Amino acid sequence: MKARLQVVFFTWILLIWHTEAEFFTSIGQMTDLIYAEKDLVQSLKDYIRAEESKLSQIKSWAEKLDVLTSKSASDPEGYLAHPVNAYKLVKRLNTDWLELENLVLQDTTNGFIANLTIQRQFFPTEEDETGAAKALMRLQDTYKLDPETLSRGNLPGTNYRSYLTVGDCFGMGKTAYNDGDYYHTVLWMEQALKQHDEGEDTTVSKVEILDYLSYAVFQFGDLHRAMELTRRLISLDSTHERAGSNLRYFEKLLEKEREEEKEKSNKTMTTTEPVVPSGAYERPLDYLPERDIYEALCRGEGVKMTPRRQKRLFCRYHDGNRNPHLLIAPFKEEDEWDSPHIVRYYDVMSDEEIEKIKQLAKPRLARATVRDPKTGVLTVASYRVSKSSWLEEDDDPVVAKVNQRMQQITGLTVKTAELLQVANYGMGGQYEPHFDFSRRPFDSTLKSEGNRLATFLNYMSDVEAGGATVFPDFGAAIWPKKGTAVFWYNLFRSGEGDYRTRHAACPVLVGCKWVSNKWFHERGNEFLRPCGRTEVD
C-alpha cells in the first residue's frame, strides 16, 4: 500500500511538473490531471479504509477488554479463581497485547505506545505464560479433566465462566511440545482441531495444528494415525515440504514393520493382525512414586476413613491443658485422624485478623523455595508453586496475637519457632508430597533450634475446588475451611521423624488459597513435650 502511494504520488508530481511546463496550453492534456486526481482520491480512500479497518480492530479490542476488565476488576480474586481466566490473563498480557502493539506501531499514536512501553516492563513474561499453561495441564491431570471440559470452562464453583479458543488450545499444545511433553501436545492439538472443525473463527490454520499433532502422535509410535493426519495435512497444503518428507518416512517405517511381521509369521507359522493403537495414549510416569495415590486423594478418592476409624474420632472443647487464657473461651477441637493424630481447631482466626495478615504479607510475597537435597541451597522448584512471605511480631500486633494464640492452643513455646509464614497458592498452586521435618545433616538449624517438632497450619480462605492437604502414606485428605487450623506432630517423642506425616498441598482447581503456618522446633519444648519410653511414642 505504501509503495503504491509512493508511485502514485511520484506520478502526480510528474504530472504537475508537466502541467507547469505545457498543460495550460492544452485542455485536452489537462484532463490527464483529472484522472490523476481521481486515482489519488481512490488511493486516499484505500488508505482511509485501511486505517479505519485498523482502528476498528483496535476499537473492538478496547470494547471487549473494557467489558472484561470491568467484570474482573470488580472481584479480582473471584475472577482469577477460575484457572482458565488466570491462564487467559497471562496469555493476553504476554502475547495478545504485543500483537496489538505491533498493530498500533504502524501509526503515529506515540502516546499509547509510550504508555504501553512503560507498562510492558510489568507484564508477564514468556516464562509466565508457559507456567500458566503447565498449571492448566497439572489441573487437567490431577483432577482427570479432559481438554473439552477445560476449554468450555465447565468447572465447579465458578462465577465467571471462560472459554479457550482454538488459538488458546493451540498455544497450550505448543507449550507442551516445546517442553517435549507429547502427551499433552496430542490432547490440546486434538482439542484445537476439534474446535476448528466445528467452525470456530480463528487465525490458526488446520495445517499448523496437524503439523504438530501428526509428529506428536508419531512420538507415541502410532504410525497409522500419524500417516492419516499427515495425509490430511497434505490434502490442505500439497506444497508442505516437511509433511511430504514425513509421509515418505512413515511409509518406509510401515513397510519395514510389515516385513518384520511377515518374518515373524513365517517363523511361528501363525498369522496375527497388527495391533493399531486406539489414539488414546497413556500419561508417562514421572519422578513421584506416589503420584497416583496423591492425585486420587486430591480428588477425594481413596480416603481411608473406615467406620471403625471414624468411631475413634471425637469433637471436644480444648482449653490447652487448663491454660488460663482458654478456660473461659476454649477452642472447638475435632479429630481429623487417629494415628498419627491430626486435629482441627475452629474459629482460630477472625476475618479481620486474616485480612490484616494478608495485607501485611502481599507486598512481601515472593516465589516459595525449597532446599536442594544435594547442596542444601534454597531454590525454586516446579513441585512447589506458590508465593510466601515471613512475618515478625514487630510487623503488627496481630502477628504477635496470632503467635500467642498458637502457643496457648498447642502448649508449645513460640520462642524457638520459626516466623509466621504466609503463603498464597496461585493458578494450579501446589506443594507435592514432602516432609516438614529436616532429614539433612547439614541443616544449620538442627544444632541450634532442633528439628521441626510440629506444624500448625491456618486456613485463611475457603477454596471452591481442590486445594486439600493430603497424606498419601495413610490416605487422609483435609479440606480447607476459612478460620480453622490443623495441627500435627512431625516427630515422635524420641525425636525421630514420623515418616507417615509426608503430606502435600493439592493443586487449587477453583479458588484462591491463603494459608499461614508456624513450625515449632524441639528446643525449648523438651519439658513441654518430654520423651517417651519407646522410639515411636
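Our structure is the block above this text.
Computed from a predicted model, the values in this text were never measured in an experiment. (Residues numbered from 1 in each chain as written. Predicted model: local features only at pLDDT ≥ 70, side-chain atom pairs only at ≥ 80, totals over all residues. Heavy atoms only, no water.)

Peer 1: Run through the overall build of the protein, naming residues and quoting values.
Peer 2: Per the secondary structure count, the protein includes 17 helices and 18 strands. Out of the 537 residues belonging to the protein, those deemed buried represent 45%. Counting only contacts in the protein whose residues sit at least 6 apart along the sequence, the fraction spanning at least 24 positions is 72%. For the protein, the accessible surface area stands at approximately 29,600 Å², while carbon and sulfur atoms represent 53% of it. (Helix = DSSP H or I, 4+ residues; strand = E, 2+ residues; numbered from the N terminus. Buried < 20%, exposed > 50% of the residue type's maximum accessible area, 1.4 Å probe, protein only. Contact = heavy atoms within 4.5 Å. Areas by Shrake-Rupley, 256 points an atom, 1.4 Å probe, with all protein chains shown as cover.)

Peer 1: I'd like to hear about the pairing of strand 11 (residues 452–459), residue by residue, with values.
Peer 2: Burial within strand 11 is extensive, with seven of its eight residues counted as buried. Pairing between strand 11 and strand 18 (residues 513–521): seven bridges, direction antiparallel. If you follow Asn 458 over to strand 18, its bridge partner there is Ser 516. (Pairing = 2+ DSSP bridges.)

Peer 1: Quick one: what's the story with the pairing of strand 10 (residues 430–434), residue by residue and with numbers?
Peer 2: Among the five residues of strand 10, five are classified as buried, and the element is accordingly described as predominantly covered. In this structure, strand 7 (residues 384–385) lies alongside strand 10, joined through two bridges in antiparallel fashion. Paired with Val 385 across the bridge in strand 10 is Gln 430. Relative to strand 16 (residues 503–505), strand 10 runs antiparallel, the two being bridged by two bridges. Considered in strand 16, the bridge of His 434 is made with His 503.

Peer 1: How would you sum up the sheet that holds strand 16? Please name residues and give values.
Peer 2: With antiparallel pairing, five strands are arranged side by side in an open sheet as 7-10-16-13-14. Pairing within the sheet leaves two strands with one partner each, and these edge strands are strand 7 and strand 14 (476–478). Examined bridge by bridge, strand 13 (residues 469–471) and strand 14 share three bridges and lie antiparallel to one another. Note on strand 14: the bridge partner recorded for Phe 471 is Ala 476.

Peer 1: Go over the sheet that holds strand 3 (residues 342–345) with me, naming the residues and quoting the values.
Peer 2: Pairing in this open sheet of nine strands is antiparallel, and the strands run 1-2-3-15-11-18-9-8-4 from one edge to the other. Lying at the two open borders of the sheet, with one neighbouring strand each, are strand 1 (315–318) and strand 4 (366–367). As paired strands, strand 1 and strand 2 (residues 331–337) are joined by four bridges and run antiparallel to one another. Note on strand 2: the bridge partner recorded for Tyr 317 is Lys 332. On top of the sheet, helix 15 (residues 351–361) reaches strand 8 (387–391), strand 9 (420–425) and strand 18; it is set at about 105 degrees to strand 8, its chief contact. (Axes fitted to C-alpha atoms, helices over the stretch in contact; angles between N-to-C directions.)

Peer 1: Now, about the side chain of Ser 162: what can you tell me, with residues and values included?
Peer 2: With respect to the helices and strands, Ser 162 occurs in the loop between helix 7 (147–152) and helix 8 (166–178). Setting aside its immediate chain neighbours within four residues, Ser 162 contacts His 82, Val 84, Asn 85, Lys 88, Ser 151, Arg 152 and Gly 153.

Peer 1: Outline a negative patch on the surface, listing residues and values.
Peer 2: Negative charge collects at one region of the surface, where Glu 255, Glu 257, Glu 259, Glu 260, Glu 261 and Glu 263 lie side by side. Within the secondary structure, Glu 257 is located in helix 12 (residues 241–268). On the accessibility criterion, Glu 257 (39% relative accessible area) is partly exposed. (Patch = residues over 30% accessible without salt bridge, like charges linked within 9 Å, V, L, I, M, F, W, Y side chains within 5 Å. Salt bridge = Lys/Arg side-chain N within 4 Å of Asp/Glu carboxyl O. Lys, Arg positive; Asp, Glu negative; His and termini not counted. Charge placed at Lys NZ, Arg CZ, Asp CG, Glu CD.)

Peer 1: Quick rundown of the pattern of salt bridges? Include the residues and the values.
Peer 2: One pass over the structure, following the stated rule, counts 34 salt bridges. Arg 291 is paired through a salt bridge with Asp 286; the nearest N and O atoms lie 2.5 Å apart. The network of salt bridges with common partners includes Asp 141, Arg 283, Asp 286, Arg 291, Glu 295 and Glu 432.

Peer 1: Any chance you could break down helix 13 (residues 291–298) for me, citing the residues and the numbers?
Peer 2: Given 3.6 residues per turn, any residue in an α-helix points the same way as the ones three and four places further on. With six of eight residues buried, helix 13 is to be regarded as a mostly interior element. Buried residues of helix 13: Arg 291, Tyr 294, Glu 295, Ala 296, Leu 297 and Cys 298, and no others. On the buried face of helix 13, the contacting elements are helix 6 (126–142), strand 10, strand 13, strand 14 and strand 16.

Peer 1: Explain the environment of Arg 299 residue by residue, including any values.
Peer 2: Position of Arg 299 relative to the elements: it lies in the loop between helix 13 and helix 14 (307–310). Overall, the relative accessible area of 21% leaves Arg 299 in the partly exposed class. Separated by 166 residues in the primary sequence, Arg 299 and Ala 465 have C-alpha atoms spaced 9.3 Å apart. Setting aside its immediate chain neighbours within four residues, Arg 299 contacts Asp 141, Thr 142, Tyr 143 and Lys 144. Here the side chain of Arg 299 touches Glu 301 through a polar contact of 3.2 Å, side chain to side chain. (Polar contact = N/O pair within 3.5 Å; in protein donor to acceptor, adjacent residues only side chain to side chain.)

Peer 1: Mind laying out the environment of Asp 211, listing which residues take part and the relevant values?
Peer 2: For Asp 211, the position within the fold is in helix 10 (residues 206–219). Asp 211 gets classed as buried once you look at its relative accessible area, which sits at 13%. A sequence separation of 21 residues divides Asp 211 from Arg 232, and the C-alpha atoms of the two residues are 9.9 Å apart. Discounting residues that sit within four places of it in the chain, Asp 211 has contacts with Leu 233, His 240 and Arg 242.

Peer 1: Can you tell me about the nonpolar core, naming the residues and giving the values?
Peer 2: Formed by 56 residues in total, the largest nonpolar core has its most connected members in Tyr 87, Leu 136, Ile 209, Val 470 and Leu 509. Not counting residues up to four positions away in its chain, the partners in contact with Val 470 are Tyr 294, Leu 297, Cys 298, Ala 476, Ala 477, Arg 502, His 503, Ala 504 and Cys 506. Core analysis: the next-biggest nonpolar cluster, separate from the first, contains 33 residues, Phe 331, Ala 361, Leu 391 and Phe 487 among them. (Core = buried A, V, L, I, M, F, W, Y, C linked by side-chain atoms within 4.5 Å.)

Peer 1: Could you give an account of the packing of helix 4 (residues 83–104) against helix 8, naming the residues involved and the relevant values?
Peer 2: For the pair helix 4 and helix 8, interaxial distance at closest approach is 12 Å and the crossing angle is 85 degrees. One way to sum up the angle between helix 4 and helix 8 is to call them roughly perpendicular. Facing Tyr 87, Lys 88 and Lys 91 of helix 4, the residues of helix 8 in contact are Gly 167, Asp 168, Gly 171 and Met 172. For the contact of helix 4 with helix 8, the class distribution of residues is two nonpolar, two polar and three charged. (Parallel < 35°, antiparallel > 145°, perpendicular 65-115°, else oblique. Nonpolar A, V, L, I, M, F, W, Y, C, P; charged D, E, K, R; others polar.)

In short, shape yes, function no, at least from these values alone.
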